[in-house]
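Close look at the chain arrangement
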Amino acid sequence: MNSLFHLAFNVTDLDQTRAFYGGMLGCREGRSTNTWVDFDFFGHQLSMHLGEPFKTAATGHVGDHLVPMPHFGVILALPDWQALAERLQAAQLDFILVPQLRFAGQPGEQWTMFFCDPFGNPIEVKGFASLDTVYAA
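Heads up: these notes are all about the structure in this document. (Residues numbered from 1 in each chain as written. Predicted model: local features only at pLDDT ≥ 70, side-chain atom pairs only at ≥ 80, totals over all residues. Heavy atoms only, no water.)

1. Re the pattern of salt bridges
Overall, the coordinates contain 5 salt bridges when judged by the stated rule. A salt bridge links Arg18 to Glu29, with the nearest nitrogen and oxygen atoms 3.0 Å apart. Here the residue Arg18 occupies a position in helix α1 (residues 14-24), and Glu29 occupies one in strand β2 (residues 28-32), the gap between them amounting to 11 residues. Overall, Arg18 belongs to the partly exposed group, its relative accessible area being 25%. With a shortest N-O distance of 3.8 Å, Lys55 and Glu52 are connected by a salt bridge. By the burial criterion, Lys55 is exposed, and Glu52 matches it. (Salt bridge = Lys/Arg side-chain N within 4 Å of Asp/Glu carboxyl O. Helix = DSSP H or I, 4+ residues; strand = E, 2+ residues; numbered from the N terminus. Buried < 20%, exposed > 50% of the residue type's maximum accessible area, 1.4 Å probe, protein only.)

Okay, here's the thing in structure tokens:
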């Protein structure tokens, strides 16, 4: 089965949303009204609606780190991940977890970075040398 993922969540300002998701992350804007905007988030649909962002807390134990829960994200091929990491570092984005390798030499070896959008919504972006190893046990 080949499908697309859709996630709708709240933000407090659509102009800031456009600047971050469109400008900073490079996502293509889709449809919008005066209360929401859609983005192509690396091939998946995000819909941001005006409202109160969800509450998060650093309660997710992954390796030696606590990560924000809940969070959403995307998995990219390593060259795409590296290009995005370089762009975000050059823009001096404030990272929760700076771009780094996790689970080196183990099944599921991955590069990861965590950051928040301007509204506190946590995002994880993972990079894999081969997308065939995403579910390796």
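What follows picks up the thread again.
2. Here's the deal with the nonpolar core
Most often, soluble globular proteins have nonpolar side chains that are buried together. Of all hydrophobic cores here, the largest spans 27 residues; its most connected members are Tyr21, Leu25, Met113, Phe115 and Val125. When residues of this core are traced back to their parent elements, those giving at least two are β1 (6-11), α1, β3 (36-41), β4 (44-50), β7 (72-77), α2 (78-90), β9 (110-116) and β10 (122-128). Of the residues forming this core, the biggest block, 5 residues, is contributed by α2. (Core = buried A, V, L, I, M, F, W, Y, C linked by side-chain atoms within 4.5 Å.)

3. Things to note about the packing of aromatic side chains
In total, this model carries 9 aromatic pairs according to the counting rule given. The interplanar angle of 80° and the centroid separation of 5.1 Å between the aromatic rings of Phe20 and Tyr21 together place this pair among those described as edge-to-face. Summarising the burial analysis for this pair, Phe20 and Tyr21 share the class buried. Members of the aromatic cluster, connected to one another through ring pairs, are Phe9, Phe20, Tyr21, Phe39, Phe41, Phe42, Phe72, Phe95 and Phe115. (Phe/Tyr/Trp six-rings, centres within 6.5 Å; stacked < 30°, edge-to-face > 60°.)

4. A few points about the pairing of β4
As defined by bridge partners, β1 adjoins β4 across 6 bridges and the pair is classed as parallel. Residue pairing across strands places Ala8 opposite Ser47, the latter belonging to β4. Across 6 bridges, the pairing between β3 and β4 is antiparallel. Opposite Asp40, over in β4, you have Gln45 as the bridge partner. Hairpin connection, β3 to β4: the antiparallel pair is bridged by 2 residues, and Phe42 has positive phi, about 55°. (Pairing = 2+ DSSP bridges.)

5. Some remarks on the sheet that holds strand β8 (residues 95-102)
Within the open sheet, the 4 strands sit side by side as β7-β10-β9-β8. Their pairing is mixed. The open sheet has two free edges, formed respectively by β7 and β8, since each of these has just one partner strand. Shown here is a sheet whose adjacent strand axes are inclined to one another by a mean of 15°, direction ignored. With 6 bridges connecting them, β7 and β10 associate as parallel partners. (Axes fitted to C-alpha atoms, helices over the stretch in contact; angles between N-to-C directions.)

6. Quick word on the sheet that holds β2
Ordered by their spatial adjacency, 4 strands build an open sheet running β1-β4-β3-β2, and the pairing between neighbours is mixed. Two strands in the sheet have a free side with no partner beyond their single neighbour: β1 and β2. Ignoring strand direction, the axes of neighbouring strands in this sheet form an average angle of 25°.

Functional significance is not addressed by these values, which are geometric in nature.
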